[in-house]
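# Observations on the three-dimensional arrangement
Each chain, letter by letter, is given below.
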Amino acid sequence: MTRRPALILYLGLIYLILFTTFDPVLTPMIAGISTLIGLSYCARLAYLHFLKPSEHTYRLIGQAVLLFWLGLVINFVLALLPDRFHPVWSDALANVTLTLFLFMTALVLFRLIDWSSFQQNRLLYLDGFILFGMVFVFSYVLILRRLPDFARTPLELVAMTVYCCCFSLLLLAFLMLYTTGLRGKTQHLLIQAVTLFCVTNLGYYIFLVRNQLDLAAFFLPLYPVSLWGLLLYFHDTPPVTSGQRQLSRPYLPYLSLVSLLIWITFFDVPRIVYLLAVTILFSLFLMRQVLSERLNRQLLQEHEVVQLDLADRVKAKTALLEIRKEEYRRLFLDHPQPILQVTRTGAVQAMNPAAYVSFGEQIPERLLDQVQQKITQLESSLKLLLQDHDLTYETTLIPVPDQDYVYVLLSDITEKLEQQQWLEELGYHDVLTRLPNRRYFEDFLQERLAQIDAGSLLFVDLDGFKQVNDSYGHDAGDYVLQETANRLRLHLEEQEVAARLGGDEFIVFLPRSKAETIRYTEDLIDQLNQPFWFQGTAMSVTPSIGIARYPEDGATTSLLLIRADEAMYSVKQHEKNAYRFK
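Residues numbered from 1 in each chain as written. Predicted model: local features only at pLDDT ≥ 70, side-chain atom pairs only at ≥ 80, totals over all residues. Heavy atoms only, no water.

## Some remarks on the sheet that holds strand E12 (residues 578-581)
Reading across from one edge, E7-E8-E6-E11-E12 is the order of the five strands in this open sheet, with mixed pairing throughout. In this open sheet, the two edge strands, each paired with only one partner strand, are strand E7 (497-502) and E12. Pairs of neighbouring strands in the sheet enclose a mean axial angle of 20°, with direction left out of account. Bridge count for strand E11 (residues 542-550) against E12 is four bridges, and the pairing is parallel. For Gly 546, the partnering residue across the bridge sits in E12 and is Arg 580. (Pairing = 2+ DSSP bridges. Helix = DSSP H or I, 4+ residues; strand = E, 2+ residues; numbered from the N terminus. Axes fitted to C-alpha atoms, helices over the stretch in contact; angles between N-to-C directions.)

Structure follows, in structure tokens:
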């Protein structure tokens, strides 16, 4: 909608023509035609952007502009008609559309006012009323008191009076909105547009009621400009744009009062107007001063309350801070674990008694180097493990806001880790043979199967082991199991594992081909057929070995164990001291 170059060209061209062809008859005609052209453009914009869309927030503005254009068209047509076709009442009827424009625009401006701000700052609205009173007095002196002489019939007088009342309503809404303020980068556009319309309307009727139509016509081309500004503002303005400001224009009421005093002092003003203007406006100013004094006193009381509350809060915070300082001091001194206060550069500023007991006067250099690497850019608490030779420390780093040091809490967990490691090994290994147990084997194999393409699982059972136990005792049986474990490990490669299932049952996993598996199995049978010497006595057992191939016989640990177990029992029932694939 923005056409600033066209606007400047429109005004420049129109006023150039008006000044060069100044004539009591020709000037109003040229001004009227140019104004009609400009308003027709505004009416087109109003229809396209406000009325044609299904819904627009400020549809009322579009309707008001169309009514103003219609009123001007009717007045222009009536002016061209002969007097017998142009009765006096038709002018009054034509001005109804212009009056409706003023009323509808005033309603839109009233909607923009943030009425809730009246409870917060009544001076803003009082300033608006004062400015309105000043403008109304000027309007009365210059226009309203001349209407009875200018109007040709009572109907025309009523129509013009209603028009002036609606204009006063528009002016009141604008001045109240102006004093309370507007949000947004385009607020100046609305202020300029409405101000231009008010000045244009006042200027036009000042000369019109004096029957100086040639001078009044100079104001007509400004009507389209002001309406164009209104359309431009409301086209892109969100539904709520009003915002209360804290006396953003406090000087305006005082300037208006000075202007009014100068006017009524040096110019002829009716006595009744003089008395009413002075009485009402000075009453409003007195009310403004009373409200200002009350607001100032209220602000002073609130300020004192805030100061007292702030003092109480500072006192409470100071006492709490002292308590926290004592708590931190006791925590630092009495903590059973070593605590260091270390600068960002790695220098030790302080140590608690537990740190002196653990390290003496000198902190291990290796430990400090690891701490310094972590605290240089540390912004929040951090937990980590630090090593110092054979010792492991669970370390907590706590930065202090706005300080150049960090608290380092050290807890020796070496013994705890060793105990945990021992427990883990105990849970994964057979105590007698030192081989992995079934739990470890299943976890290992489940992970290993996902990494290989083929492999073999051997299920080994010792034939004749019960006779060894019965004949030579359990110590001899334990020896046989331990020696069997050693012979199983003898030819294992990396990533191959042997485990004890329980009793005299063992399992072996080989990620080898079938031929390589056969070679290992035959070597294992030869090894296990060798005598087991215990305390000078030769004992013998033989193996029954069942083999399951991955992935042909199974793709999971449990399935491979079942298939290998089945193959082992088949060997045990038919031949023993042999092997068989599933």
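Next, the rest of the story.
## Quick word on the packing of aromatic side chains
On inspection of all chains with the given rule, the structure shows 18 aromatic pairs. Ring centres of Tyr 58 and Phe 234 lie 4.7 Å apart, and the angle between their planes is 55°; on these two criteria the pair is classed as tilted. Separated by 176 residues along the polypeptide, Tyr 58 in the loop between helix H2 (26-51) and helix H3 (59-80) and Phe 234 in helix H11 (residues 222-235) bring together distant segments of the chain. Residues Tyr 58 and Phe 234 agree in their burial class; the two are buried. (Phe/Tyr/Trp six-rings, centres within 6.5 Å; stacked < 30°, edge-to-face > 60°. Buried < 20%, exposed > 50% of the residue type's maximum accessible area, 1.4 Å probe, protein only.)

## Side note on the sheet that holds strand E5 (residues 405-412)
Spatially, five strands are ordered E2-E1-E5-E4-E3 in an open sheet, and the strand pairing comes out antiparallel. Only two strands of the sheet have a single partner each, and these edge strands are strand E2 (348-351) and strand E3 (382-388). Neighbouring strand axes in the sheet, compared pairwise and without regard to direction, differ in orientation by 30° on average. Relative to E2, strand E1 (residues 339-343) runs antiparallel, the two being bridged by three bridges. Paired with Gln 341 across the bridge in E2 is Ala 350. Across the face of the sheet, helix H15 (residues 365-375) comes into contact with E1, E2, E3, strand E4 (391-399) and E5 while running at roughly 155° to E3. (Contact = heavy atoms within 4.5 Å.)

## Comments concerning H3
Here H3 is 22 residues long and its end C-alpha atoms lie 32 Å apart, about the 32 Å a rise of 1.5 Å per residue gives. For H3, the set of buried residues is Ile 61, Gly 62, Ala 64, Val 65, Phe 68, Gly 71, Leu 72, Phe 76 and Leu 78. (Expected span 1.5 Å × (residues − 1).)

## A few points about the nonpolar core
With 64 residues, the main nonpolar core has Leu 109, Leu 190, Phe 197, Leu 227 and Phe 234 as its most contacted residues. For this core, the secondary-structure elements that each account for two or more residues are helix H1 (4-20), H2, H3, helix H4 (88-112), helix H8 (154-180), helix H9 (187-208) and H11. Per-element accounting of this core gives the leading share, 11 residues, to H8. Once you skip the residues sitting within four places of it in the chain, Leu 227 turns out to touch Leu 39, Cys 42, Val 65, Phe 68, Phe 101 and Phe 197. If you look at the next biggest cluster of nonpolar residues, it comprises 27 residues, including Phe 465, Leu 510, Ile 525 and Leu 528. (Core = buried A, V, L, I, M, F, W, Y, C linked by side-chain atoms within 4.5 Å.)

## A word on the packing of H9 against H11
The contact between H9 and H11 brings their axes to 8 Å, and the two run at 155°. Our classification of the angle between H9 and H11 gives roughly antiparallel. Considering only the axes of H9 and H11, their crossing is left-handed. Residue-level inspection shows Gln 187, Leu 189, Leu 190, Ala 193, Val 194, Leu 196, Phe 197, Thr 200, Asn 201, Tyr 204 and Tyr 205 of H9 in contact with H11, the latter providing Leu 222, Tyr 223, Val 225, Ser 226, Leu 227, Gly 229, Leu 230, Leu 232, Tyr 233 and Phe 234. A per-class count over the contact of H9 with H11 returns 16 nonpolar, five polar and no charged. (Parallel < 35°, antiparallel > 145°, perpendicular 65-115°, else oblique. Left-handed = near helix turned anticlockwise from the far one by under 90°. Nonpolar A, V, L, I, M, F, W, Y, C, P; charged D, E, K, R; others polar.)

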